[in-house]
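Examination of the molecular architecture
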There are 2 protein chains.
Amino acid sequence: MHERFLELIEEKKLALLKEELKEMRAADVAEAFDELDKKNSIILFRLLGKDEAAEIFSHLSTQQRMHIVDVMHENQLNEIIDELYFDDMIDFLEEMPANFVKKVLTSATEEERKLINQFLKYPENSAGSLMTIEYVDLKKEMTVKEALEHIKKTGPDKETIYTCYVLNEKRKLEGLVSLRKLVLFDDNLLISEVMNEDFIATKTLDDQEEIASIFKKYDLLTLPVVDKEDRLVGIITIDDIMDVIDQETTEDFQKMAAMEPSEEEYLHSRIFSLARRRIPWLFILMITAMFTEGIIGRFEDILTAVAVLAASIPMLMDTAGNAGSQSSTLIIRGMALGEIELEDYLKVFWREFRVSLVVGVSLGTINFFRMLFISQVGVAVAITVSITLVLTIIMAKVVGGTLPIAAKKMKLDPAIMAGPMITTIVDALALIVYFSIAIAIIGL
Amino acid sequence: MHERFLELIEEKKLALLKEELKEMRAADVAEAFDELDKKNSIILFRLLGKDEAAEIFSHLSTQQRMHIVDVMHENQLNEIIDELYFDDMIDFLEEMPANFVKKVLTSATEEERKLINQFLKYPENSAGSLMTIEYVDLKKEMTVKEALEHIKKTGPDKETIYTCYVLNEKRKLEGLVSLRKLVLFDDNLLISEVMNEDFIATKTLDDQEEIASIFKKYDLLTLPVVDKEDRLVGIITIDDIMDVIDQETTEDFQKMAAMEPSEEEYLHSRIFSLARRRIPWLFILMITAMFTEGIIGRFEDILTAVAVLAASIPMLMDTAGNAGSQSSTLIIRGMALGEIELEDYLKVFWREFRVSLVVGVSLGTINFFRMLFISQVGVAVAITVSITLVLTIIMAKVVGGTLPIAAKKMKLDPAIMAGPMITTIVDALALIVYFSIAIAIIGL
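Just so you know, these numbers come straight off a predicted model, no measurement behind them. Numbering of residues starts from 1 in every chain and runs along the sequence as written. By the order in which they are written, chains take letters starting at A while ligands take numbers starting at 1. Where totals are concerned, whole chains, interfaces and linings use all residues; where local detail is concerned, this predicted model gives features only for residues with pLDDT of at least 70, and gives and counts side-chain atom pairs only at 80 or more. Hydrogens and waters are ignored; side-chain quantities use all the structure's heavy atoms.

**Considering the overall build of chain A**
Counting from the N terminus, the helices are the DSSP runs of H or I reaching at least four residues and the strands are the DSSP runs of E reaching at least two. Helix and strand counts for chain A come out as 23 helices and six strands. Our radius of gyration is a C-alpha quantity, and the globule rule it is checked against amounts to 2.2 Å times the number of residues to the power 0.38. In terms of overall size, chain A is more extended than a compact globule, its C-alpha atoms giving a radius of gyration of 30 Å where 444 residues would be expected to give roughly 22 Å. When each of the 444 residues of chain A is scored for burial, the buried share is 55%. Methods summary: accessible areas were calculated by the Shrake-Rupley approach with a probe of 1.4 Å, and residue burial reflects only the protein chains presented. Carbon and sulfur atoms provide 55% of the accessible area of chain A, an area that totals close to 19,700 Å². We call a residue buried when its accessible area falls under 20% of the maximum for its residue type, exposed when it is over 50%, and partly exposed in between, using a 1.4 Å probe and counting protein chains only.

Okay, here's the thing in structure tokens:
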């Protein structure tokens, strides 16, 4: 799509481009922006109508927004900001430099200014930072018919009208009514008769990950956010929750691969920023792996005496690491989805022990015959390596299965107890077992 | 919650339990079922009203459903099946044994039977297997007012009424109208004037992962599914898409940790089924890791001559594996989210090369001084290990970053080119580099 844009820009057919842009979906145009350089994306953005510009703007990456902010006139920008939904505007202001935010605040009314300041203060991953204020409020004395008329009047600017919020004069949330009910039920019923008083609400400081679980569990489209006095302060809509789910999953992937999490897209990150997020854990794991140096050093005699033992070290370590990663990954994911809880500790231990027995004995047996007949080492060495393999797999799976739960128990993120960390821990154990068995079986 | 249920069951306070169940949300009751044994879950299920029973049933795990099916009378079951939304019923029938499905089909009308058979044939992860037939259809000749009356009449049984589907006499999909528009727009407008003809639709055989991306990109709540003649056959709703996203992510996690993916919950899987999904990849990786045996065997002389070299092998291998996993994880996730495409191959290569240079030189330098001053090995060994570390990190990151893209190019799932596979490949490379540098620097 961006090729077509570039073509039209180069051929100076801007009027035609403007027409084509009108026909397109905002999400598609925004995607094309990602492929354009600064100059062309500004040309393109200037061709957009006010409404389109605002909608596309809310889909753009931070970098692209910066380009546009850099060159647009203040009043053009204010026009776009006015068109944005409140939650999109707050997201945008959060990523802008302080003096830009100041300018926006200056041109806002007193009431808007208070509201913007309040929203900018909510911590990043909280309900407060996700919510919007564009909801429909009803009173419980209204009839269904009056409510529908009220929606007709106030609805056009709201982010959603599918759930309406029944507030008392102090803005305390008394109930929810879905538009479904309003349309299906009798016109003369009172809102107090049709509203759902047994609703779920969240608080401004609740964590977005928990909120996403609530959406999934109860199949919600929106969720009200209330303050300490149960007054409605905003609503969260499912489109923002979809983004939260992707973002939280990406964070888990990054942590599990021993990186500092980041919301930046890979292709739009700076090289040093990518490197900076990878070095700390690599460094910690490197230092930890050095304990294995000490272990090998302690058993140097047997390694010099039976040099063939060294050859199996990588295979033992890799298999242990892989076996442990399998277990830790399943448990971390199970905890993220709420399928595995802290109190399942013993269940997981017992399951992993039995699974590892099956896996360990299978692989150990195969390895024994492989070493004997294909690698043609002595029986003593084949037995040493194979028994180590079985024991290592058992250790790896039990450690891999239980450490993530232990981490959570200690209020740490279970995701750090994934492959890399488990591998490093299990490697050291594997080597100790290996050399101890070697000494016992082969002797010195 | 299940403790409360057990308490009431034990004290035989079933009437009270029945009352309490009525007040509770279906998703909460379903969650409690997971903690009950077969006997108690059946007692509890029998206490539910018909509507509640159906709603809770659609939330239960396969295992729990089996328990209930085992003991319920045929006509009780049929009642529940009748109450289920069509997509939930198909999901349920898909997991039941063939003779059970046959019984259900016998008691269905001819028309229902045809429809059920058609839906059971859609492949597992296709649009067809996700969709429901409970949608509202409108005609374009209707006015907004007539449409709202039509919705009032037919809406109560529909899974959603927030998007309505405009069909011609051949059931070809001509446009979509949101309930938002119907409520906000003038009563006398024609549907043909308010409907959106530029809608997105999917085909019955489209893959669920692509469909999830469409929902996310365009912030949809529902998506129509059409056949080859553009006739509407069903709709997909966002609650099912939320499940798809979780399921696809879990599959990625499992594949990336070298397991065969499965939809079974960890705590509800059989031990042998867990083991069976872990052994194949562990076996393949174990066999691949054995190449390292050959490599070490070839360089046994230098290892015997400079025994201290063996001590650093685990640290080098672990760091290489971790560095490679970081890169492959970022790229696999980026591809899953559509942020990285096949044509970004060279960009990724060049980025990983630069990042790895920064990371490698940082860690290599630290390691050099650490070995010299803390481990107190000779300068030649410290240089050998540190240069290997730098080169290995560079190789690991370039291999880890590009192999997932290469896998996708070859129509394989990029997720198999994650930590375990990358580690195994990079280990062999690391050892070759290590011994080659050792020979060059220390000599023999």
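**Focus: the UniProt feature "transmembrane region" (unreviewed entry) in chain A**
UniProt positions are given in the numbering used here, feature names are shortened, and annotations may be inferred rather than shown by experiment. Per the UniProt record, "transmembrane region" (unreviewed entry) is found at residues 279-296, 355-373, 379-400 and 421-442 of chain A. Helix makes up 100% of residues 421-442 of chain A and strand 0%, with an end-to-end C-alpha separation of 31 Å.

**Describing the relation of the copies chain B and chain A**
Copies are brought into register by a least-squares superposition over C-alpha atoms of residues with pLDDT of at least 70 in both. Taken as rigid bodies, chain B and chain A are interconverted by a rotation of 180 degrees and an axial shift of 0.0 Å, the fit giving an RMSD of 0.1 Å. Taken together, the rotation angle and the small translation identify this as a two-fold axis. Taking C-alpha positions as reference, the residue of chain B nearest the rotation axis is T304 of chain B, located at 3.2 Å. Comparing interface residues between copies, 100% of those in chain B also sit at the interface in chain A, which points to an isologous, same-surface contact. Whether two residues are in contact is decided by their heavy atoms, any of which lying within 4.5 Å being enough.

**Regarding the packing of helix α1 (residues 2-10) of chain B against helix α2 (residues 14-23) of chain B**
All names here are of chain B. Simply put, an axis is a line fit to the C-alpha atoms, just over the touching stretch for a helix, and the angle between two N-to-C directions goes from 0 to 180 degrees. Packing of α1 against α2 leaves a shortest axis separation of 8 Å and a crossing angle of 150 degrees. The angle between α1 and α2 places the two elements in the roughly antiparallel class. Counting all contacts with α1, which are made through R4, F5, L8 and I9, the residues of α2 involved are L14, L16, L17, E20 and L21. Just so you know the grouping, Ala, Val, Leu, Ile, Met, Phe, Trp, Tyr, Cys and Pro go in nonpolar, Asp, Glu, Lys and Arg go in charged, and all remaining residues, Gly too, go in polar. In terms of residue class, the contact of α1 with α2 is built from seven nonpolar, no polar and two charged. By the definition adopted for this analysis, an angle is roughly parallel if under 35 degrees, roughly antiparallel if over 145, roughly perpendicular if from 65 to 115, and oblique otherwise.

**Section: the interface of chain B and chain A**
Tallying the contact residues gives 114 residues for chain B and 114 residues for chain A. Here's the idea: put two parts together, see how much 1.4 Å probe accessible area each one loses, and the total over both is what we call buried area. Summed over both partners, the interface of chain B with chain A comes to about 10,300 Å²; 66% of that surface belongs to carbon and sulfur atoms. Broken down residue by residue, the surface that chain B buries against chain A is led by R180, F253 and Y266 of chain B, which jointly contribute 8%. The working definition used for a salt bridge is a side-chain nitrogen of Lys or Arg within 4 Å of a carboxyl oxygen of Asp or Glu. Seen at the junction of chain B and chain A, the total is 16 salt bridges. Note that R333 of chain B is salt-bridged to D246 of chain A, the shortest N-O span being 3.8 Å.

**As for the sheet that holds strand β5 (residues 222-226) of chain B**
All names here are of chain B. As summarised here, the arrangement of the three strands in space is β4-β5-β6, forming an open sheet in which the pairing is mixed. Both edges of this open sheet fall to β4 (202-203) and β6 (232-237), since each of them pairs with a single strand only. Pairing geometry for β5 and β6, over five bridges, is antiparallel. Following the sheet pairing, L223 is matched in β6 by I236. Paired strands, as defined in this entry, are two strands with at least two bridges between them according to DSSP.

**Quick word on the domain arrangement of chain A**
As a measure of interface size, the accessible area lost when the parts come together is often cited. Residue ranges assigned to each domain were obtained from an automatic or database domain assignment. Taken as a whole, chain A is organised into domain 1 (2-121), domain 2 (136-237) and domain 3 (266-442). One C-alpha centre belongs to domain 1 of chain A, the other to domain 3 of chain A; they are set 50 Å apart.

**Side note on the pattern of salt bridges**
In the structure shown here, the tally under the stated rule is 43 salt bridges over all chains. The residue D187 of chain A makes a salt bridge to K152 of chain B at a minimum N-O spacing of 3.8 Å. On the criterion of chain membership, the pair formed by D187 of chain A in the loop between α13 (179-184) and α14 (191-194) and K152 of chain B in helix α12 (residues 144-154) is interchain, its members lying in two chains. Note on D187 of chain A: relative accessible area 29%, which makes it partly exposed. On the basis of relative accessibility, which here comes to 32%, the residue K152 of chain B falls in the partly exposed class. Salt-bridge contacts for R231 of chain A lead to E229 of chain A; the nearest nitrogen and oxygen are separated by 3.0 Å. Residue R231 of chain A is classed as partly exposed on the basis of its relative accessible area of 35%. For E229 of chain A, a relative accessible area of 48% corresponds to the partly exposed category. Three or more residues joined by partner-sharing salt bridges are found here, namely R4, E7 and E20 of chain A.

**A look at the UniProt feature "domain: CBS" (unreviewed entry) in chain A**
UniProt's entry tags residues 195-251 of chain A with the feature "domain: CBS" (unreviewed entry), counted in the numbering of this structure. With 44% helix and 23% strand, the stretch residues 195-251 of chain A has end C-alpha atoms that lie 38 Å from each other.

**Some thoughts on the packing of helix α21 (residues 313-336) of chain B against helix α23 (residues 379-409) of chain B**
Residue and element names in this part refer to chain B. At a closest axis distance of 8 Å, the pairing of α21 and α23 adopts a crossing angle of 30 degrees. With respect to each other, α21 and α23 are oriented roughly parallel. Both α21 and α23 take part in a crossing whose hand is right-handed. Contacts between α21 and α23 pair M315, L316, T319, A320, A323, G324, Q326, S327, S328, I331, I332 and M335 from the former with V385, T388, L389, T392, I393, A396, K397, G400, G401, P404, I405 and K408 from the latter. Of the residues contributing to the contact of α21 with α23, the split by class is 13 nonpolar, nine polar and two charged. If you view the pair so one helix is near and one far, a crossing is left-handed when the near helix is turned anticlockwise from the far one by less than a right angle, and right-handed when it is turned clockwise.

**Some details on the sheet that holds strand β1 (residues 136-138) of chain B**
Residues and elements named next belong to chain B. Strand order in the open sheet made by the three strands is β1-β2-β3, with mixed pairing throughout. Each end of this open sheet is capped by a strand with a single partner; those strands are β1 and β3 (173-178). Within the sheet, the average angular offset between the axes of one strand and its neighbour, ignoring direction, is 35 degrees. For strand β2 (residues 163-167) and β3, the ladder comprises five bridges, and the chain directions are antiparallel. Along β3, the bridge assignment pairs C164 with V177. Relative to β1, α12 is tilted by about 150 degrees, and along the sheet it contacts β1 and β2.

**Section: a nonpolar patch on the surface**
Like charges are joined within 9 Å and nonpolar side chains (Val, Leu, Ile, Met, Phe, Trp, Tyr) within 5 Å, but only among residues with over 30% relative accessible area and no salt bridge; these make up the patches. A surface patch of nonpolar side chains, amounting to about 660 Å² of accessible area, comprises Y345, L346, F349, W350, F353, L357 and V361 of chain B. One can find F349 of chain B in helix α22 (residues 345-375).

**A word on the confidence of the model for chain A**
Averaged over all residues, the pLDDT of chain A equals 87, while 100% of them reach at least 70. Per-residue confidence from the prediction method is given by pLDDT, with values spanning 0 to 100. Element-level pLDDT for chain A is lowest in helix α18 (residues 300-305) of chain A, with a mean of 78, against a maximum mean of 95 in strand β2 (residues 163-167) of chain A.

**So, a negative patch on the surface**
Charged residues are defined narrowly, with Lys and Arg counted positive, Asp and Glu counted negative, and His plus the chain ends left uncounted. By convention, the point assigned to a charge is CZ for Arg, NZ for Lys, CD for Glu and CG for Asp. Together, D51, E55, E79, D82, E83, E110, E111, E112, D157 and D243 of chain A together with D219 of chain B make up a region of like negative charge exposed at the surface. Within the residue set of the negative patch, elements represented by two or more residues are α5 (50-57), α7 (74-83) and α10 (110-120) of chain A.

**What about helix α12 (residues 144-154) of chain A?**
Inspection of α12 of chain A places V144, A147, L148, H150 and I151 of chain A among the buried residues, and these make up the whole buried set. Projection of α12 of chain A onto a plane perpendicular to its axis shows the buried side chains occupying an angular sector of 160 degrees, all on one side. Tucked into the core, α12 of chain A has its buried residues touching β1 (136-138), β2, α13 and α14 of chain A together with α13 (179-184) of chain B. Read the arc as the range of directions from the helix axis to the C-beta atoms.

**Describing unusual backbone geometry**
Unlike most non-glycine residues, D219 of chain A shows phi in positive territory, near 50 degrees. When you line up the elements, D219 of chain A lands in the loop between α15 (208-218) and β5 (222-226). Among the residues examined, D219 of chain A registers a relative accessible area of 40% and is labelled partly exposed. Positive phi is not limited to glycine here, since K12 of chain B has a value of about 60 degrees. Counting through the fold element by element, K12 of chain B comes out in the loop between α1 and α2. The exposed category is assigned to K12 of chain B, whose relative accessible area is 71%.

**A closer look at the environment of D87 of chain B**
Residue and element names in this part refer to chain B. Structurally, D87 can be placed in helix α8 (residues 86-95). Residue D87 is classed as buried on the basis of its relative accessible area of 3%. Taking the C-alpha atoms as reference, D87 lies 8.8 Å from E134; in sequence the two are 47 residues apart. Other than its neighbours up to four places away in sequence, D87 contacts L130, M131, T132, E159 and D240.

**Some words on the pairing of strand β3 (residues 173-178) of chain A**
Consecutive side chains along a regular strand alternate between the two faces of the sheet. Here β3 of chain A lies mainly inside the structure; five of its six residues are buried. Hairpin connection between β2 of chain A and β3 of chain A: a loop of five residues separates the two successive antiparallel strands, and R171 of chain A in this loop has a positive phi of roughly 65 degrees.

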